[in-house]
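Geometric and topological summary
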Amino acid sequence: MSKAKTNAAMSALKLVPKKGAMGLGSGSTVAIFAKELGRLESEGKTDIAVVPSSYQAYQLANEYKIPLTNLDLNPELILTVDGADEVDRRLDLIKGGGGAFFQEKIVAAASKKLIIVVDESKLVEQLGAKFPTPVEVLPFSLGFVRRRVGAMGIDSSVREAQGKLGPVVTDNGNFILDLRFSKAIDDPGRTAAELKMVPGVVETGLFAGMTDEVHVGTDAKSYVLRK
Ligand code: 5RP
């Protein structure tokens, strides 16, 4: 377990309210957070229910005995704690290394605050220079979406599963295309909107203007970046 990820997760734990509903993101840093949240629950220090953003988050909540809720019962969440793959200076994000960004974005949008937990290696000047930008695509539309994004000058590859032959199938039954742009992304909000205009693209891993705080862990400490 990375000390930097633990430091980020422990920093975000301080924001957990005494009572109410929050979103639980996905990924290895969130897994550390979930374990500690479960400990707080078992010690009676908090009385929180979570909306899980993925099957992984659902399993984490069950493993650590954190009560579950959903967006029908709790359409507005106090906050969400989630990970990210890249964070730029505006606190815009690329998410989706774990393929869960579609539901993660819904849970984040339902939250009054989006709190991101990362190690320092995720901080970048501009999004997209290193990490590909994922889009979740309806399987029926795959060939068309690839042609359309290709015409926009973007290279795409279908994310392949590990432990199964063929493509990754998301929690929502869709495929993921990883996009590589010819240069870093200048305006993540505009790029996300353009990609979502392509019929068949159900969501993008670009989270623009959504983040409130980024809790950054190093091996020695944590610090917080705010909007
Ligand atoms: C999943 C995600 C994760 O939050 C992201 O990949 C970061 O994961 P980790 O904390 O394991 O580095 O967006 O869709």
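Parameters and conventions
Residues numbered from 1 in each chain as written. Predicted model: local features only at pLDDT ≥ 70, side-chain atom pairs only at ≥ 80, totals over all residues. Heavy atoms only, no water. Helix = DSSP H or I, 4+ residues; strand = E, 2+ residues; numbered from the N terminus. Contact = heavy atoms within 4.5 Å. Domains from an automatic or database assignment. Buried area = accessible area lost by both parts, 1.4 Å probe. Salt bridge = Lys/Arg side-chain N within 4 Å of Asp/Glu carboxyl O. Polar contact = N/O pair within 3.5 Å; in protein donor to acceptor, adjacent residues only side chain to side chain. Nonpolar A, V, L, I, M, F, W, Y, C, P; charged D, E, K, R; others polar. Pairing = 2+ DSSP bridges. Axes fitted to C-alpha atoms, helices over the stretch in contact; angles between N-to-C directions. Near = heavy atom within 4 Å. Areas by Shrake-Rupley, 256 points an atom, 1.4 Å probe, with all protein chains shown as cover. Buried < 20%, exposed > 50% of the residue type's maximum accessible area, 1.4 Å probe, protein only. Arc of directions from axis to C-beta.

Here we look at the side chain of Thr 80
As for its position among the elements, Thr 80 is in strand 3 (residues 80–82). Apart from the residues within four sequence positions on either side, Thr 80 is in contact with Gly 23, Val 107, Ala 108, Ser 111, Lys 113, Leu 114 and Ile 115.

Some remarks on the domain arrangement of the protein chain
Domain parsing of the protein chain yields domain 1 (3–123 + 208–220) and domain 2 (133–201). Taking only C-alpha atoms, the centre of domain 1 and the centre of domain 2 are 24 Å apart. Contacts between domain 1 and domain 2 engage 15 residues on the former and 12 residues on the latter. Between domain 1 and domain 2 the total buried area reaches about 1,000 Å² when both faces are included, carbon and sulfur atoms providing 55% of it. Our enumeration of links across domain 1 and domain 2 arrives at zero salt bridges. Seen at the junction of domain 1 and domain 2, the total is five residue pairs in polar contact (both at pLDDT 80 or more). Residues belonging to the side of domain 1 that touches domain 2 are distributed by class as follows: five nonpolar, six polar and four charged.

Remarks on the sheet that holds strand 2 (residues 47–52)
Read from one edge to the other, the open sheet built from six strands follows the order 2-1-3-6-12-13, with strand pairing classed as mixed. At either end of the open sheet lies a strand with only one pairing partner, and these are strand 2 and strand 13 (222–226). Here the average twist between neighbouring strands, direction ignored, is 25 degrees. Relative to strand 3, strand 1 (residues 19–24) is paired through two bridges, and the arrangement is parallel. Each residue of the ladder has a partner; that of Leu 24, found in strand 3, is Val 81.

Structural notes on the site of the ligand
The local shell around the ligand holds 18 residues, among which Ser 28, Thr 29, Asp 85, Lys 95 and Lys 122 are the closest. Contact distances for the ligand include 3.5 Å between an oxygen atom and a backbone N or O atom of Gly 83. Between an oxygen atom of the ligand and a side-chain N or O atom of Glu 104, the distance comes to 3.2 Å. Protein contact buries 91% of the 380 Å² of open area that the ligand shows by itself. Elements represented by at least two residues in the shell around the ligand include exactly helix 2 (28–42) and helix 4 (101–109). Its residues assigned to classes, the shell around the ligand comprises three nonpolar, nine polar and six charged.

Let's talk about helix 5 (residues 142–151)
Turning to helix 5, its buried residues are Leu 142, Val 145 and Val 149. Buried residues of helix 5 fall within an arc of 65 degrees about the axis and therefore sit on the same side. Away from its buried face, by an angle of more than 90 degrees, helix 5 presents the exposed residues Gly 143, Arg 147 and Ala 151. Structurally, helix 5 contributes buried residues whose contacts are with strand 7 (133–137), strand 8 (155–158), strand 9 (175–180), helix 6 (188–196) and strand 10 (201–204). Trailing helix 5 by a residue or two, Gly 153 shows a phi angle of about 80 degrees, which is positive.

Here's the deal with the environment of Asp 47
Mapped onto the fold, Asp 47 is located in strand 2. By relative accessible area, Asp 47 is classed as partly exposed at 42%. Distance from Asp 47 to Gly 25, taken between C-alpha atoms, is 18 Å for residues 22 residues apart in sequence. For Asp 47, the residues in contact, after removing those within four places along its chain, are Lys 18, Lys 19, Gly 20 and Glu 41.

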